[in-house]
Amino acid sequence: MQIVVDKAIPYLRGVLEPYADVRYLSGSAITAADVREADALIVRTRTCCNAELLTGSRVKFIATATIGFDHIDIDWCVAHGIEVAIASGCNARGVLQWVAAVLVYLSRLQGWHPSDRTLGVVGVGHVGSLVAEYAAAWGFRVLCCDPPREAREHCGFLPLEVVARQSDILTFHTPLDDSTRHMVNDRLLEILQPEAVVLNSSRGAVVDTTALLRGNHSFALDVWEHEPQIDQELLRRAILSTPHIAGYSEQGKAQAAAMSVSALSRHFGIPLSNWYPVEAAPSSPQPITWQNLCETIDTAFDIVAESNRLKESPENFERMRDRYAYRREYF
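Cut-off values and rules
Residues numbered from 1 in each chain as written. Predicted model: local features only at pLDDT ≥ 70, side-chain atom pairs only at ≥ 80, totals over all residues. Heavy atoms only, no water. Helix = DSSP H or I, 4+ residues; strand = E, 2+ residues; numbered from the N terminus. Buried < 20%, exposed > 50% of the residue type's maximum accessible area, 1.4 Å probe, protein only. Pairing = 2+ DSSP bridges. Phe/Tyr/Trp six-rings, centres within 6.5 Å; stacked < 30°, edge-to-face > 60°. Lys NZ or Arg CZ within 6 Å of the ring centre and 35° of its normal.

Novice: I'd like to hear about unusual backbone geometry, residue by residue, with values.
Specialist: The omega angle of the peptide bond from E227 to P228 is 10°, so this bond is cis rather than trans. Its location among the elements puts P228 in the loop between strand 10 (218-221) and helix 10 (232-237). Phi angles above zero are rare outside glycine, and Y11 is one such case at about 75°. In this structure, Y11 sits in the loop between strand 1 (2-6) and strand 2 (21-25). Assessed through its relative accessible area of 17%, Y11 is described here as buried.

Right, dumping it as structure tokens:
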């Protein structure tokens, strides 16, 4: 059996070799020739898994070590008998840490306490539900929007327009599909309060770059349209900017690798379904007060320094991602 693995996925080297011929390649450079004789792929968002890549190959299984899956043509894969495994929720606490760091920064910059602010959470899945839970505990008034979940579960979530009108901070945690592409557009920005701040750590194309640049709202971004070729004016104007590393915690990366290996093991009958990297500490979630968060977040995640690095060297976007020192989850 042959497996092609994105070489930037940590913890995997040596794990699958007893059971397969494993090739480690740059995710953005994986070609149809590379996968033609492969039985399985383990990828990140930089590998577009579609007909162009997969036609004529013997690939029957793809695991993406990410929560996003817009880089995979799911319908094509299903139609051609290819199982797709997604690491849903693997990095939720890493993204929560990113949002927390942004909120602390904004509170210092603007001089407010959480009880003074309404936080709108758009997309209430693995990440958004954690953000909403912790933010409410910190004292924010939290409003949630998730139309698909509301239609299925009748949770009491509000329409996007209602949340946008009332929010001081609007944070996006949605997948990217036809309903969420350019969700942040001219119309939504017109609804927002003038001083409202937009946060996006979901997918770059959830935000219409042109619309955001036309407006006057403040924003903090971890994901960007057309990354790694990011708009330089957008980068300049962002109050905080990071190179798509919001979910890059040690535990999140370990969990993504473990979920990928487990799914592959089930598919091919390999005895690794319970594997977890020994190098990584397991996640130990716990509550944290706003005061404790403000006292500790800079040591755990200096988001201002990360932002400055990207603003100074945007051409190193991919290098910063691939060589990122994974943060520890501590709440």
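Novice: Can you lay out the sheet that holds strand 10 for me, pointing to particular residues and giving the numbers?
Specialist: The strand order across the open sheet formed by 6 strands is 7-6-8-9-10-11, and the pairing between neighbours is parallel. A strand with exactly one partner marks an edge of an open sheet, and here the two such strands are strand 7 (141-145) and strand 11 (240-241).

Novice: Tell me about the environment of T31, and please be specific about residues and values.
Specialist: With respect to the element layout, T31 can be found in the loop between strand 2 and helix 1 (32-35). What makes T31 partly exposed here is its relative accessible area of 35%. Along the primary structure T31 and T47 are separated by 16 residues, whereas in three dimensions their C-alpha atoms are 9.0 Å apart.

Novice: Quick one: what's the story with the packing of aromatic side chains, residue by residue and with numbers?
Specialist: Enumeration over the complete set of coordinates arrives at 11 aromatic pairs. With 5.6 Å between their ring centres and 75° between their planes, W112 and F140 make a pair best called edge-to-face. Remark: F140 occurs in the loop between helix 5 (126-138) and strand 7 and W112 occurs in the loop between helix 4 (92-110) and strand 6 (118-122); sequence separation between them is 28 residues. Centroid distance Y248 to Y324: 5.9 Å. Interplanar angle 70°. Geometry classified as edge-to-face. Placement of the pair is Y248 in the loop between strand 11 and helix 11 (250-268) and Y324 in the segment after helix 14 (317-322), with a sequence separation of 76 residues. Residues Y248 and Y324 agree in their burial class; the two are buried. Chaining the aromatic ring pairs together yields one cluster made of W112, Y134, W138, F140, W290, Y330 and F331. In this structure, R13 packs its charged tip against the face of Y24, placed 4.2 Å from the ring centre. Here R327 stacks its cationic end above the ring of F301, 4.1 Å away from the centre of that ring.

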